[in-house]
Structure formats: structure tokens, C-alpha cells
Amino acid sequence: MRILHTMLRVGDLDRSLAFYTEVLGMRELRRQDYPGGRFTLAFVGYGLESEGAVLELTHNWDTPSYDIGNGFGHVAIEVPDAYAACEQIRKHGGKVVREAGPMKHGTTVIAFIEDPDGYKIELIQKKTRT
């Protein structure tokens, strides 16, 4: 077994695709409209779906926004340098909500950003091996 994807409901598909592809550097892997159900599914990721987990962005055509439930935590992305990643994300119009730095009660360097719908994304700095 393996994790295939995480699904997020988004209010504006074009805005979300721009964020995940232009700000976070993912690729749009596939997209399918379902006119009978009035929704579109778009899949984005850093690699092929056959090789790793991706994000499924679900856009229900008649729903412009969603409330984020208190059960959702975050999506985590490994980055080589969390400080530099925050700088780049901010430069591309992204919103940093927790600056890069060591996590509380630990040494792992993390940061948090938000996507256009308010979903939290944790950036985890890759540890160097010694």
C-alpha cells in the first residue's frame, strides 16, 4: 500500500493552480472536468503519480469558498533551505504565516505558509547527514 494523494477543496481552481505551480513549483499532472457533477479535479505534484503522493484539487463549480475544518492539519513539503524557501515564496506573492526557524522543543527547521484558500503548508528543512 502507499499514499496516492491528499484532496483539498478549492474555491478558485485557476488561482490555486497558479499558487501550487508558480509559487511552490509543482507541475499540473492532469485535469478532468465532470460537467454532470459540476466539478473539476486537478492533480499537482513534484513527480509522477506513479512514483509519489500528489495533491488533488477539487473545484465544485457552484461553491466559491470553503470553511477549513478544525480537523485538518497541514500538508508538509521538504525543502533544502526553509529560510530561502520562505523568501522565494514571499517574492512570488505567497503568504508566510510562521517564519523559518527551529521547531518548539526540537531542532528541526520548519516554516508555515498558506495557500490561497487558507490551507496550511509546512515547509520542513531537509536535515544534512553527518
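Up top is the structure.
Treat the numbers as computed from the prediction; the structure is a model and nothing was measured.

Considering the overall build of the protein chain
From N to C terminus, the protein chain includes 2 helices and 8 strands. The secondary structure elements of the protein chain, listed N-terminal to C-terminal, are β-α-β-β-β-β-α-β-β-β. In terms of overall dimensions, the protein chain is globule-like: its C-alpha atoms have a radius of gyration of 15 Å, near the 14 Å expected for 130 residues. Burial analysis of the protein chain (130 residues in total) assigns 37% to the buried set. Across the protein chain, contacts joining residues at least 24 apart in sequence account for 48% of those joining residues at least 6 apart.

With respect to the pattern of salt bridges
Pairing between side chains becomes possible if they bear opposite charge and their charged atoms approach one another. Using the criterion set out here, one finds 7 salt bridges in the structure. The partner of Glu 99 in a salt bridge is Arg 90, and the shortest N-O contact between them spans 2.5 Å. For Glu 99, a relative accessible area of 46% translates into the label partly exposed. By relative accessible area, Arg 90 is classed as partly exposed at 41%. Salt-bridge contacts for Glu 114 lead to Lys 95; the nearest nitrogen and oxygen are separated by 3.3 Å. Residue Glu 114 is located in strand β7 (residues 109-114), and its partner Lys 95 is located in strand β6 (residues 95-102); the two are separated by 19 residues in the primary sequence.

Description of the sheet that holds strand β5 (residues 75-79)
Strand order in this open sheet of 4 strands is β5-β8-β7-β6, and the pairing throughout is mixed. Of all the strands in the sheet, just β5 and β6 have a single pairing partner and so form its edges. Along the sheet, successive strands turn relative to each other by an average axial angle of 20°, direction set aside. Pairing analysis gives 5 bridges linking β5 to strand β8 (residues 120-125), with the strands arranged parallel.

Some words on helix α2 (residues 82-91)
Buried residues of α2: Ala 82, Ala 85, Cys 86 and Ile 89, and no others. One side of α2 carries all its buried residues, which in axial view fall inside an arc of 100°. Considering only its buried residues, α2 is in contact with α1 (13-23), β5, β6, β7 and β8. Looking at where α2 begins, the residue whose side-chain oxygen comes 2.9 Å from the main-chain nitrogen of Tyr 83 is Asp 81. Phi for Gly 93, located one or two positions after α2, is positive at around 90°.

Parameters at a glance
- Just so you know, the residues in each chain are numbered from 1, in the order the chain's sequence is written.
- pLDDT decides what is reported in this predicted model: residues at 70 or higher carry local features, side-chain atom pairs at 80 or more are listed and counted, and totals for whole chains, interfaces and linings draw on all residues regardless.
- Each side-chain value is derived from all of the structure's non-hydrogen atoms; neither hydrogens nor water enter the calculation.
- Every helix listed is a DSSP run of H or I at least four residues long, and every strand listed is a run of E at least two residues long, numbered separately from the N terminus.
- Here the globule rule reads 2.2 Å times residues to the power 0.38, and the radius of gyration is calculated from C-alpha atoms.
- Three exposure classes are used, based on accessible area relative to the maximum for each residue type with a 1.4 Å probe and protein chains only: buried under 20%, partly exposed in between, and exposed over 50%.
- When checking whether two residues touch, look at their non-hydrogen atoms; a contact exists if any pair is within 4.5 Å.
- Basic side-chain nitrogens of Lys or Arg form a salt bridge, by our definition, when they fall within 4 Å of a carboxyl oxygen of Asp or Glu.
- Here, any two strands with at least 2 DSSP bridges between them count as paired.
- To obtain each axis, a line is fitted to C-alpha atoms, and for helices this fit is confined to the stretch in contact; angles are then taken between N-to-C directions over 0 to 180 degrees.
- Taking the helix axis as origin, the arc is that swept by the directions to the C-beta atoms.
- Each polar contact in these results corresponds to two N or O atoms within 3.5 Å; when the atoms are within protein, one needs to be able to donate a hydrogen and the other to accept it, and residues that are neighboring in sequence are counted only if both atoms are side-chain atoms.

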